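Coordinate analysis (summary)
Now for the letters of each chain:
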Amino acid sequence: MNDVSYYVPAMAMAVPLVLKGRSTASWRDPLLRSVCALLLLTALAFAFAAPPSIAAVNRLTGVPNASAPLVYALLTAVCAASLVLIVSWRGGPPGTTRRLTVRCTTGFGAVIVVMCALFALGDAPVERLRDFDTYYATTPYLREMVLLYLLSLFASGVAMNVLCLRWLGRVGGRPLRTSLLLIALGFGFCALYAVAKLVAVGARWAGGDLDELSTSVAPTLAAVGGVLSAAGFSLPLLWSVPARLLGDAWSAWRSYRALAPLWRALRPVSAAGDEGRAAVRVGWWSPPSLRAVQRQAEIHDALLVLCPHFDPSVRERALAAAVAAGAATERAYAQADAVMVVEAVRAHGRAADAAADDAVAGPPAEGPEDLVRLSRALRAMRG
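Residues numbered from 1 in each chain as written. Predicted model: local features only at pLDDT ≥ 70, side-chain atom pairs only at ≥ 80, totals over all residues. Heavy atoms only, no water.

1. So, empty space enclosed by the protein
Evaluation of the coordinates by the stated rule reveals three cavities of 30 Å³ or more. Computed from the structure, the largest cavity encloses a volume of approximately 380 Å³. Lining of the largest cavity is provided by 25 residues; of these, Ala49, Ile54, Val71, Tyr193 and Lys197 occupy positions nearest its centre. It is helix H4 (residues 67-90) that provides the largest number of residues to the lining of the largest cavity, a total of five residues. (1 Å grid on protein atoms, 1.4 Å probe; cavity = no way out; pocket = protein on both sides within 12 Å on 5 of 7 lines; lining within 4 Å. Points joined across faces, edges and corners; volume = space filled by probe spheres on them. Helix = DSSP H or I, 4+ residues; strand = E, 2+ residues; numbered from the N terminus.)

2. A word on the nonpolar core
Core analysis: the largest hydrophobic core is formed by 57 residues, its most contacted members being Ile86, Phe132, Met145, Tyr149, Ile183 and Phe233. For this core, the secondary-structure elements that each account for two or more residues are helix H1 (7-21), helix H2 (30-49), H4, helix H5 (94-121), helix H7 (142-168), helix H8 (174-205) and helix H9 (211-258). For this core, the leading source of residues is H4, giving 12 residues. Other than its neighbours up to four places away in sequence, Tyr149 contacts Tyr72, Leu75, Met115, Asp133, Tyr193 and Lys197. Leu259, Leu266, Val372 and Leu378 belong to the second-largest nonpolar core, a separate cluster that totals 23 residues. (Core = buried A, V, L, I, M, F, W, Y, C linked by side-chain atoms within 4.5 Å. Buried < 20%, exposed > 50% of the residue type's maximum accessible area, 1.4 Å probe, protein only. Contact = heavy atoms within 4.5 Å.)

3. Observations concerning a nonpolar patch on the surface
Among the surface-exposed residues, Phe154, Val158, Val162, Val195, Val199 and Leu210 lie close enough to one another that they form a single nonpolar patch of about 410 Å² accessible area. Elements represented by at least two residues in the nonpolar patch include exactly H7 and H8. The greatest single-element share of the nonpolar patch, amounting to three residues, is contributed by H7. With respect to the secondary-structure elements, Val158 resides in helix H7. (Patch = residues over 30% accessible without salt bridge, like charges linked within 9 Å, V, L, I, M, F, W, Y side chains within 5 Å. Areas by Shrake-Rupley, 256 points an atom, 1.4 Å probe, with all protein chains shown as cover. Salt bridge = Lys/Arg side-chain N within 4 Å of Asp/Glu carboxyl O.)

4. Digging into H4
Between its first and last C-alpha, H4 extends 34 Å over 24 residues, near the 34 Å set by a 1.5 Å rise per residue. Directly beyond the C-terminal end of H4, a positive phi value near 80° is found at Gly91. (Expected span 1.5 Å × (residues − 1).)

5. A short note on the confidence of the model for the chain
Taken as a whole, the chain shows an average pLDDT of 81; of its residues, 80% reach a score of 70 or greater. Taken together, the stretch residues 355-360 has pLDDT below 50 and engages in eight contacts with residues farther than four places along the chain or on a different chain. (pLDDT = per-residue confidence, 0-100.)

Rendered as C-alpha cells:
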C-alpha cells in the first residue's frame, strides 16, 4: 500500500458514520452509538497508521516512533469494541452480556496499558515509518510489545469468527446473515494480517528477512478486513431506511400495474373529460408512488363522470349470475361492479350529453383497494 491508500479505508468508515451520526435522534440508540464509536476507532486506526500521519505524530511529540504505541492501542481498541459490540448485539441474559463486556474491556485495556509501558521501557531511537515491527523485532521490551499486540489481534480475529459463525446458524433474515458473514470474513483478514506480521517478525528472530510480508501484504489484508467488518456492522442499521423505501416503491408499483385494466377501460371517459383543460402529466422518471396516485385520481374522476350512467339493475343481474356460477362473495361483488362500469362506459359513449336515467347508483369504488379489486375483476372478464 502506498501512503494515500491508508486513508481510503478511513474515508470508507467515515461515510456511514456521517450518514447515521448526523441525526440527533439516532444517538438515542445505544447500539447505533456503539457502531459509530467502532467506525470512528477504525477510521482513526487507519488514518494514524499512514506513514505521513506517523511522521506527523512523531514530529509533534518530539519522540521517535511515538506513533507506534498509538497505532497499536487504536488497533487493540478496535478489537475490543468489536467483541463488545457483537456480544451486545447478540443479546442473551443481561448478566452474561455484562460479564463478557467487562472481561473484554478489562482484558484489552490491560493489553494497551502494558504495551505503553513496554514502549516506555524500550529504546527506539531510529524513526521507522513502515517497518517498526520488524526493525525492532529483536529489541528488548519492544519485541514483547510487538508480540503482544499481534497476538491480541490474532486472538480477537479468531474469537470474532467463532462468535459470528455460531450465531449465524441460529438466525434468519438476509440482512443479519449477510452482516455476520461480512464481519467474520473481515476479521478473518485481520487474523491473516496478524499472521503475516508474526511470520515476518519470526523471520527476523531467525536471522532472515521477510519484511515484505509486514510492509506490503499485511497492510492490504488489514484494509480489506477493516472495510468488510465495518460494512458488516453498519449493514443492519443502514439497511432499514433503503429497505423501507424499496418496499414502499414496490408496493406503489404493484398498485400502479394492478390499476392498468380499469384505467384503460375508463380512458374514453377520461379523454373526453380532458378536453378543454390541461391535464397533468407525470413522466416515466417519476417515482412509482406519484404515478400510482395520478392513476387513482384519473380513475376517480372518470367514475364520477360515469355516475349518471351507473344502473343498479345491471349490477344486480351480474351479481346474481356470478353467485350462480359459484364465485366467492367478494369476487362476485367485484365482477358485478366491473360489469356495471363497462355498461356505464358504453352508455356514456352512446349518449354523452343525454339526461341521466331515473335510477342512479353511486361510484362502485372509493378507496385505492376498491379500485384495485375492480381493476382485477375487469382483467379477469377480458382475460
